[in-house]
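Structural overview
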Number of protein chains: 2
Amino acid sequence: MEKDLETLRHSTSHILASAVLELFPGTKLGIGPAIEEGFYYDFDLKHKLTPEDLEKIEKKMKEIINKNLRFERKEVTKKEAEKLFKDQPYKLELIKDLKAKITIFKHGDFIDLCSGPHINYTKGIKAFKLLKLAGAYWKGDSKNKQLQRIYGISFQNKEQLENYLKNLEESKKRDHRILGEQLNLFMFHEVSPGSPFFLPSGTIIYNELMKFIRDEYKKRGYQEVITPLLYEKKLWETSGHWEHYHENMFNLEIEKRIFSLKPMNCPSHCLIYKNKLYSYKELPLRIADFAPLHRNELSGTLAGLTRVRKMSQDDAHIFVAEEQLEDEIKDLIEFERFIYEKTFKFNFNMVLSTKPDKFMGDVKLWNKAEKLLKDVLKKNKIKYSIAEKEGTFYGPKIDLIVKDSLNRDWQLATIQLDFQLPLRFNLTYEGKDGRKHTPIMIHRAVIGTFERFIGLLIETYAAKFPLWLTPIHVKIITVTDKHVKYAEKLKKDLESNNIRAELDDRSESIGKKIVDAHKEMPFYIITVGDRELESDNLAVRTRDNKIMNIKKDKFIQETTELINKRC
Amino acid sequence: MEKDLETLRHSTSHILASAVLELFPGTKLGIGPAIEEGFYYDFDLKHKLTPEDLEKIEKKMKEIINKNLRFERKEVTKKEAEKLFKDQPYKLELIKDLKAKITIFKHGDFIDLCSGPHINYTKGIKAFKLLKLAGAYWKGDSKNKQLQRIYGISFQNKEQLENYLKNLEESKKRDHRILGEQLNLFMFHEVSPGSPFFLPSGTIIYNELMKFIRDEYKKRGYQEVITPLLYEKKLWETSGHWEHYHENMFNLEIEKRIFSLKPMNCPSHCLIYKNKLYSYKELPLRIADFAPLHRNELSGTLAGLTRVRKMSQDDAHIFVAEEQLEDEIKDLIEFERFIYEKTFKFNFNMVLSTKPDKFMGDVKLWNKAEKLLKDVLKKNKIKYSIAEKEGTFYGPKIDLIVKDSLNRDWQLATIQLDFQLPLRFNLTYEGKDGRKHTPIMIHRAVIGTFERFIGLLIETYAAKFPLWLTPIHVKIITVTDKHVKYAEKLKKDLESNNIRAELDDRSESIGKKIVDAHKEMPFYIITVGDRELESDNLAVRTRDNKIMNIKKDKFIQETTELINKRC
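Because the structure is predicted, anything quoted here is derived from the model rather than measured.

Turning chain A through 180° and shifting it by 0.0 Å along the axis lays it on chain B, with an RMSD of 0.1 Å. Classification of the inter-copy transformation places it as that of a two-fold axis. Rotation axis and chain A: the residue whose C-alpha lies nearest the axis is A:L252, separated from it by 2.7 Å. The share of interface residues of chain A whose copies in chain B are also at the interface is 100%, consistent with both copies meeting through the same surface.

Here it is as structure tokens:
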């Protein structure tokens, strides 16, 4: 968030607090910062705030803003501060931890403990809106009292606010959790928190994506494996996961030995690599795996498909000789462009994270690798930024971030170099010189986590998926019972051409059946009536309710072609 | 095992014991029963027996047999028995638990505590062989002393023995664990006992089988789902697994709640059923799931792909209204015939297990269902036997058993009716009468467990898989370096037609390359030399080393057709 906007929003939160104090005298104030998206203020008051109260508070805030009061900064001593906030116990608690010199901000009669900065005059707030109410523990600790939090947003002009609110409404409409339920794509159940059940329609999307990736793997020299999910502690000790990650794994005891459900595939693939001896001629070795992974996310943080405990990735690990690294990175960037640019036409950029202070390994290799990654990004004319020192300790990485139609960021693909794990597992290959060398390992996922990617697809397309991913390609609707036979034959003809078809032959009115069909969002609706029985033509209705007449054979041919081209 | 053979083998074990006593006086005798395959006898002696000893013992046994001694039965009192066996502490321990009247058997000077029956004269043993040595705890309890066990086999004639030994040798050659390692199909690792790692070649077979089943699902109205693996204890309490099966599940604690890794898919599918309301018109509902399952098998019992802790099945649960049951069973039997008869041409029979004494539910429904199952089996002219009272408490079932080329049984497909689980989960549908009814649930798997089925395929075909399942369809071998370019082009042409091809362009002799290629067991080997560069013909070598010359286009067309037809 830019600095000006942060200042504006922080100032708006002061206005909010002063309005609440005027309307509900005696309210005890918590804190009121600007946040990533807007601001909030926490209050301790007996009255349970309602949405109607928010309207009243907004009105009061407008009055205060219109007075065009000045935000005044003052420095006071600790003693003076304690006197000023003698009726505000939460502020007093905060003052205790402060040093001798304390800043306060004042507008009108309202004073807040605050280091600023703020805007000069209240009229600087040109547009604001209170958004929602929530409960929040004082200092975020559930042992403390729960306060009432009001969230809001403000902007430098009304147009920006309107855009923001429109976007907010749109994003609610596109919420993958709501659309997922409406379209029966997936469900959740309390007996397995954070673990989606993909229902038949959702499974179609999941499997189509997996098939897509598998088709690419064949062309790109990947080899798929199927691996166990439970591994003994000593594997995690070798990989370093036990030391750094064991609290994020699900651990259990079997016959007095500790096992963990794997959160990542890398150690499994190191074991597979170790099963054989390699010459440099056999590298790069590209091992792909769709194994389900489990991560012990706190139940409170779980959210739809984007924060889950069980997930699968289009995960692969590539073992390369150092001299093969550049070509491999080029191919990987090309693979990502193929998926994000060519297939999905997403808007994205990349982030290169470089050597952190606590890096491990040979500094020369680090520098060479970073230069190589930059060169490949430049040659590919990819928009990228550098996150200085934000690489992992084991190697630099490139992340791909999609900006969706609502301007939100989704981190998806990743390419991570790893100079350490091959050492930990003592992996080697025979080089041209006949000696043993350590391969570089590349952790990479292109679509990333299937669950998250499907969440993105739902929200980006508002569930109007491209044809090949649409669960129902064609919904066939009969006008009356005498059209059922033809409709059944049509369904079979479509299906034998790999077009997913469903038939609604209920004895309902055609109008009702069309309305019902639209709710399921098929790509096409075909109504079968007398005219269809007499000719080769089909009446095809698109998702946007456009109707076209087309010869049956032509429709099948064109649709199959589009599906095969993944359009 | 038939009764006569059991008697013969039991008698052979007595001969074995008498021979050991003659060769190693002072040996203490354990027990020596006939078993499923042959017989054994346990001995306590200081000398560590070797394979050479087995030859000496066999020679001594032949001497004893040739004396044509009579097996004499005698009844003695407990006291008399204690006197007879005063030097045999294990026998004395057994005598303690016996009643007053005790039978013994005698041949020559050898006496054993035994209730018989035995053959009349030792010469009745026409053919025998000692097979192997093993350690075994007295009474199977690891707290007791470990004895030395000798396994053997005997028959009524020499031909049978020769056949048996040939089969045994053949089955060793076909052992899926050995072939699996040789062909890099899968590996095991101590950090994940009982959990195969399918390597790239094994994964090809696994995925081809899955694709095959998925193609059938599309035609047969199944809907696939993807489900969580971890479920809270309360789900297992509802399903009854907690009471009856929790020791076979892997259990762990997450945020103070107990979860288990699922050993079966049925409860997941009940949750999915409950997510929606169904009318009888929407049934049968066929929910398919390839989720990995985990079962807590003791580490000592794990064996290759046939006894594993982690597995996947072509599992599905079908929810039907009672009046739909017959048609559904017909379709299921047809599905099984399609796989076992038409596709794999296996030799199989079925076993119908009927109502046990401790059955649950409506006896009328049980009787009706059993009659229905019998009728369908009869109408299909399927070889089947009845296992009286061996159904589960929740419903009757039909199992399919494949007899492999070595006459061994593999239990694979299953169809189990379940009248109970829908009640436990309170599943209902609206019937024609507008009222709520309880559906019948069918648990069924056609190929069964993938791991086990792949084990069967390896052993039945001795890894000479049908074309569509063979990991390498074509291995291309270059004669010299100047043929590499053509070979690479050929590889691409094959691959773009979905023929799996590998290229060996090493600068080795053609002879060595052919020998190496045969070890990988590709379906075809194509050598590329000068002649191929000049014409459209290919020199194709089959797995049985037959060579054929065929036009390239024709080869591609024919091979693709065979693969698509799953030949």
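Residue and element names in this part refer to chain A. By the criterion of burial, strand β8 (residues 146-155) is predominantly enclosed, with 9 of the 10 residues buried. Bridging between strand β3 (residues 38-44) and β8 involves 5 bridges; their strand directions are antiparallel. Bridged to Y41 within β8 is I150.

Another point: the interface of chain A and chain B. Listed as interface residues are 51 residues of chain A and, on the opposing side, 51 residues of chain B. The interface formed by chain A and chain B holds 22 residue pairs in polar contact (both at pLDDT 80 or more) in total. Per-class residue counts for the side of chain A that touches chain B are 25 nonpolar, 15 polar and 11 charged.

Attention now moves to the sheet that holds strand β4 (residues 72-77) of chain B. Within a sheet, each strand pairs with its neighbour through backbone hydrogen bonds, oriented either parallel or antiparallel. All names here are of chain B. Strand order in the open sheet formed by 3 strands is β4-β5-β6, and the pairing between neighbours is antiparallel. Both outer strands of the open sheet, β4 and β6 (110-113), are each paired with one neighbouring strand and no more. Neighbouring strand axes in the sheet, compared pairwise and without regard to direction, differ in orientation by 35° on average. With 4 bridges connecting them, strand β5 (residues 101-107) and β6 associate as antiparallel partners.

Turning our attention to the side chain of B:R220. Note that B:R220 resides in the loop between α7 (200-219) and β11 (223-224). Each residue touching B:R220, except ones within four places of it in the same chain, is listed here: B:R286, B:D331, B:E334, B:F335 and B:F338.

Counting 85 residues, the largest nonpolar core has A:L209, A:I329, A:I339, A:Y340, A:F344, A:F453 and A:L457 as its most contacted members. When we break this core down by domain, the ones giving at least three residues each are domain 2 (206-449) and domain 3 (467-565) of chain A. Setting aside residues up to four positions removed in sequence, A:F344 forms contacts with A:L209, A:F212, A:I339, A:F453, A:L457, A:Y461, A:W468 and A:L469. Listed in part, the 84 residues of the second largest apolar core include B:L183, B:L372, B:I442 and B:W468.

Residue and element names in this part refer to chain B. Within strand β21 (residues 409-418), 8 of the 10 residues are buried, which leaves it mostly tucked inside the rest of the structure. Relative to β21, strand β20 (residues 397-403) runs antiparallel, the two sharing 6 bridges. By the bridge assignment, V402 is partnered in β21 with W410. Pairing between β21 and strand β24 (residues 440-449): 5 bridges, direction antiparallel. The residue of β24 that forms the bridge with D418 is M441.

Residue and element names in this part refer to chain A. In this model helix α12 (residues 363-379) runs 24 Å from its N-terminal to its C-terminal C-alpha over 17 residues, within 8% of the 24 Å that 1.5 Å per residue would give. Those residues of α12 not exposed but buried are L365, W366, A369, E370, L372, L373, V376 and L377. Down the axis of α12, the sector holding all buried residues measures 160°, keeping them to one side. Structural note: α12 exposes K364, K368, K371, K378 and K379 on the side pointing more than 90 degrees away from its buried face. Lining the buried residues of α12 we find α11 (325-343), β18 (347-353), β19 (384-387), β20 (397-403), β21 (409-418) and β24 (440-449). Two or three places before K364, at the opening of α12, D362 has a side-chain oxygen 3.0 Å from that residue's backbone nitrogen.

Our focus in this paragraph is the sheet that holds strand β29 (residues 547-551) of chain B. Residues and elements named next belong to chain B. Spatial ordering of the open sheet is given by β26-β25-β27-β28-β29, a layout of 5 strands whose pairing is mixed. The sheet is open, and its two borders are formed by β26 (501-504) and β29, each paired with just one other strand. Here the strands of the sheet are splayed against their neighbours by 30° on average, with no regard to which way each runs. Pairing between strand β25 (residues 474-478) and β26: 4 bridges, direction parallel. Of the residues in β26, the one forming a bridge with K475 is E502. Helix α16 (residues 510-520) rests against β25, β26, β27 (524-528) and β28 (537-542) of the sheet, and its axis sits at about 165° to β25.

Residue and element names in this part refer to chain A. It is the contact of α11 with α12, at a shortest axis distance of 10 Å, that shows an interaxial angle of 40°. Between α11 and α12, the angle falls in the class oblique. Crossing of α11 against α12: the hand is right-handed. Along its contact with α11, which presents L325, E326, I329, K330 and I333, the element α12 presents A369, L372, L373, V376, L377 and K379.

According to the domain assignment, chain A consists of domain 1 (3-174), domain 2 (206-449) and domain 3 (467-565). One C-alpha centre belongs to domain 1 of chain A, the other to domain 2 of chain A, and the line joining them spans 43 Å.

This brings us to the packing of helix α15 (residues 484-495) of chain A against helix α18 (residues 552-564) of chain A. Residues and elements named next belong to chain A. Between α15 and α18, the least distance of the axes is 11 Å, while the angle of their chain directions is 35°. In the crossing of α15 with α18, the sense of the turn from one axis to the other is right-handed. From α15, Y486, K489, L490, D493 and L494 reach across to α18, where they touch K552, F555 and I556. The residue makeup of the contact of α15 with α18, split by class, is 5 nonpolar, no polar and 3 charged.

Further remarks concern the packing of aromatic side chains. Going through the model one piece at a time under the given rule, you end up with 63 aromatic pairs over all chains. The interplanar angle of 10° and the centroid separation of 5.4 Å between the aromatic rings of A:F344 and A:F346 together place this pair among those described as stacked. For A:F344, a relative accessible area of 5% puts it in the buried group. Given the relative accessible area of 11%, A:F346 is considered buried. Arranged with centres 5.1 Å apart and planes meeting at 20°, the rings of B:Y41 and B:F43 form a pair that is stacked. Cluster of aromatic residues (ring-pair linked, three or more members): A:F186, A:F188, A:F198, A:Y206, A:Y217, A:Y222, A:F290, A:F335 and A:F450.

Residues and elements named next belong to chain A. Between its first and last C-alpha atoms α11 spans 26 Å; for 19 residues at 1.5 Å apiece the expected length is 27 Å, and the two agree. Taken as a whole, α11 carries its principal kink of about 30° at R337. Among all positions in α11, only L325, E328, I329, L332, I333, F335, E336, F338, I339, Y340 and T343 are buried. Positive phi shows up at K345, right after α11, with a value of about 50°.

Here we take up the pattern of salt bridges. Residue and element names in this part refer to chain B. One pass over the structure, following the stated rule, counts 104 salt bridges over all chains. The shortest N-O distance in the salt bridge between D215 and K211 comes to 3.9 Å. Linking D215 with K211, this pair stays in helix α7, spanning 4 residues, or about one helical turn. You can call K211 partly exposed: its relative accessible area is 43%. In this structure, D516 engages K512 in a salt bridge whose closest nitrogen and oxygen atoms are separated by 3.1 Å.

So, on to unusual backbone geometry. Trans is the common state for peptide bonds, and a negative phi is the common state for residues other than glycine. The residue after A:G116, namely A:P117, is reached through a cis peptide bond having omega 0°. Inspection of the secondary structure puts A:P117 in the loop between β6 (110-113) and β7 (127-137). Even without being glycine, A:A463 reaches a positive phi, approximately 70°. One can find A:A463 in the loop between α14 (450-461) and β25 (474-478). Not every positive phi belongs to a glycine, and B:A462 is a case in point at roughly 50°. The residue B:A462 is located in the loop between α14 (450-461) and β25 in this model.

Calculation rules
- Every chain's residues receive numbers from 1 upward, in the order its sequence appears when written.
- All chains are assigned letters beginning with A, and all ligands numbers beginning with 1, in the order in which they are written.
- Given that this is a predicted model, residues contribute local features only at a pLDDT of at least 70 and side-chain atom pairs are listed and counted only at 80 or more, while totals for whole chains, interfaces and linings are drawn from all residues.
- Water and hydrogen atoms play no part in the side-chain values, which are based on all heavy atoms of the structure.
- Only residues with pLDDT of at least 70 in both copies count here: their C-alpha atoms drive the least-squares fit that superposes the copies.
- We call two residues contacting when some pair of their heavy atoms lies within 4.5 Å.
- In this scheme, a residue with accessible area under 20% of its type's maximum is buried, one over 50% is exposed, and one in between is partly exposed, where area comes from a 1.4 Å probe on protein chains only.
- In this description a helix means any DSSP run of H or I spanning at least four residues, a strand means any run of E spanning at least two, and both kinds are numbered starting from the N terminus.
- Note on pairing: two strands pair once DSSP finds at least 2 bridges between them.
- What qualifies as a polar contact is a pair of N or O atoms within 3.5 Å, subject to a donor-acceptor requirement within protein and to the restriction that residues adjacent in sequence count only when both atoms come from side chains.
- Amino acids are sorted into nonpolar (Ala, Val, Leu, Ile, Met, Phe, Trp, Tyr, Cys and Pro), charged (Asp, Glu, Lys and Arg) and polar (every other residue, Gly among them).
- Inter-axis angles, ranging from 0 to 180 degrees, are taken between N-to-C directions of lines fitted to C-alpha atoms, where helices are fitted over the stretch in contact.
- The criterion is simple. A nonpolar core is a set of buried Ala, Val, Leu, Ile, Met, Phe, Trp, Tyr and Cys residues joined through side-chain atoms within 4.5 Å.
- For every domain, the bounds stem from an assignment made automatically or drawn from a database.
- Multiply 1.5 Å by the residue count of a helix minus one, and that product is the helix's expected span.
- Throughout, the arc means the angular range of directions from the helix axis out to the C-beta atoms.
- When an angle is under 35 degrees it counts as roughly parallel; over 145 it counts as roughly antiparallel; between 65 and 115 it counts as roughly perpendicular; any other value is oblique.
- Each helix crossing is assigned a hand: it is left-handed if the near helix lies turned anticlockwise from the far helix by less than a right angle, otherwise right-handed if that turn is clockwise.
- The aromatic pairing rule takes the rings of Phe, Tyr and Trp, using the six-membered ring of Trp, and pairs them if the centres are within 6.5 Å, calling planes under 30 degrees apart stacked, those over 60 edge-to-face and the rest tilted.
- The bend reported for a residue corresponds to the angle between axes fitted to the seven residues ending at that residue and the seven starting there.
- Within this document, salt bridges are pairs made up of a side-chain nitrogen of Lys or Arg and a carboxyl oxygen of Asp or Glu, the two lying within 4 Å of each other.

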